[in-house]
Amino acid sequence: MAIEANYDDEILSRNTRLPDTVVKRVRNSHMEIHRLCEYLRKLDLSACKEIWLLHLSDASSNEGLFIDLVERVVGPGITVRAAPRG
């Protein structure tokens, strides 16, 4: 599975470099990591072997934290990775 995990709301809220219009756009059009985790909890992942997190934001995400959060949700047996940036 490949799925967007663009930002963490807490990190985004602390980012003072981004204009309010950008923050609003991100919140309205990108996947927040905790929303993603809730979504994954609802899925049947019995046939899933890997989850690739896509589109992590340079300014409002944390790759290690995101991988850890998703690993906790999906449990052992599913490899969680972040796609390379760029």
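Residues numbered from 1 in each chain as written. Predicted model: local features only at pLDDT ≥ 70, side-chain atom pairs only at ≥ 80, totals over all residues. Heavy atoms only, no water.

Peer 1: When you look at the sheet that holds strand S2 (residues 50–54) in this model, what are you seeing that I'm missing?
Peer 2: Think of a sheet as strands paired side by side through backbone hydrogen bonds, with each pair either parallel or antiparallel. The parallel open sheet is built from three strands, whose spatial order is S1-S2-S3. Two strands lie at the open edges of the sheet, namely strand S1 (2–4) and strand S3 (79–82), each paired on one side alone. The mean inter-strand angle of the sheet, taken between neighbouring strand axes irrespective of direction, is 25°. As paired elements, S1 and S2 share three bridges and run parallel to each other. Bridge pairing links Glu4 to Leu54 in S2. (Pairing = 2+ DSSP bridges. Helix = DSSP H or I, 4+ residues; strand = E, 2+ residues; numbered from the N terminus. Axes fitted to C-alpha atoms, helices over the stretch in contact; angles between N-to-C directions.)

Peer 1: Got a minute to help me understand the pattern of salt bridges in this structure?
Peer 2: Pairing between side chains of opposite charge can happen when the charged atoms of each approach one another. Under the counting rule described, the total for this entry stands at six salt bridges. Linking Asp9 and Arg27 is a salt bridge whose minimum nitrogen-to-oxygen distance equals 2.6 Å. One end of the pair, Asp9, is in helix H1 (residues 9–14); the other, Arg27, is in helix H2 (residues 20–29), with 18 residues separating them in the sequence. Residue Asp9 is classed as partly exposed on the basis of its relative accessible area of 31%. (Salt bridge = Lys/Arg side-chain N within 4 Å of Asp/Glu carboxyl O. Buried < 20%, exposed > 50% of the residue type's maximum accessible area, 1.4 Å probe, protein only.)

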